[in-house]
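So the chains spell out like this:
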Amino acid sequence: MITEEHATTEQQSPEIARMLRRDVRTVGLIALVMAIVVVIGVLTHPSSHARTTAAPAAPVAPSATVSAVLSEWHIGLDQTTLQTGHYTFNIDNTGTIEHELIAFKLSSPSQTIPLDKAGDVNEDALTSATDGENLVPGGTQTRTVDLTAPGAYIFMCNIAGHYHNGMHVIVTVTR
Ligand SMILES: [Cu+2]
């Protein structure tokens, strides 16, 4: 029995050695192929320097928020110069009467605002940028405003008499 086991081990050893040598050759071949792939990759791809020269589009502020405080007789925005993008407006009526926050896109910051006979803004003659429900005193509202088009916007409260009393502000949007 002992002799047989010994003989078997003797027979297997050269076979294992051959297998190991074959494995070593295989690993060597794989390493060579991988090295060639890496070299080809480096040669065919533009360098990282070339890629950085192609500047990406100007970043838009996707999660930017603007705080708007409405009161008699004022539209208080924490920012009046913005980069193009979508903005979350957190609107707060801190006044003692109802107010609203609406906005229109202007052709220029000095565009004449069309008024009706009572002195209120003729909204139909302007391009709306945002509109929403009136806010009761102490009321709050959150609204997304699309300011992806650069230019001048007028934010206002157009409840009768409020624009005339000073509830308007120009916002400049740049790329
Ligand atoms: Cu108002």
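My aim in this report is to walk through the structure given alongside it, one point at a time. Keep in mind that what you see is a predicted model, and the values were worked out from it rather than measured.

The next subject is the environment of F104. Mapped onto the secondary structure, F104 falls in strand 5 (residues 102–106). Along the sequence, F104 and I170 sit 66 residues apart, while their C-alpha atoms lie 9.7 Å from each other. Once residues within four sequence positions are removed from consideration, F104 is found in contact with L126, T127, S128, A129, Y153 and I154.

A word on the environment of V173. Relative to the helices and strands, V173 is located in strand 9 (residues 168–174). As for V173 and L147, which are separated by 26 residues in sequence, their C-alpha atoms are 7.1 Å apart. Not counting chain neighbours up to four residues away, the residues in contact with V173 comprise L82, T84, L147, P150, G151 and Y153.

Let's shift gears to the sheet that holds strand 9. Read across the open sheet, the 5 strands follow the order 3-9-8-5-6; overall the sheet is mixed. Edge positions in the sheet fall to strand 3 (81–83) and strand 6 (127–130), since each has one partner strand and no second. Strand-to-strand twist across the sheet, computed as the mean angle between neighbouring axes with direction ignored, equals 35°. Here 6 bridges tie strand 8 (residues 151–156) to strand 9, and the two strands are oriented antiparallel to one another. Within strand 9, the position partnered with I154 by the bridge is I170.

To continue, consider the pairing of strand 2 (residues 74–77). Bridge analysis of strand 1 (residues 65–71) against strand 2 gives 4 bridges, and the strand direction is antiparallel. By the bridge assignment, L70 is partnered in strand 2 with I75. Between strand 1 and strand 2, which pair antiparallel in sequence order, lie 2 residues.

Thresholds, definitions, all that
- Residues numbered from 1 in each chain as written.
- Predicted model: local features only at pLDDT ≥ 70, side-chain atom pairs only at ≥ 80, totals over all residues.
- Helix = DSSP H or I, 4+ residues; strand = E, 2+ residues; numbered from the N terminus.
- Contact = placed C-beta atoms within 7 Å.
- Pairing = 2+ DSSP bridges.
- Axes fitted to C-alpha atoms, helices over the stretch in contact; angles between N-to-C directions.

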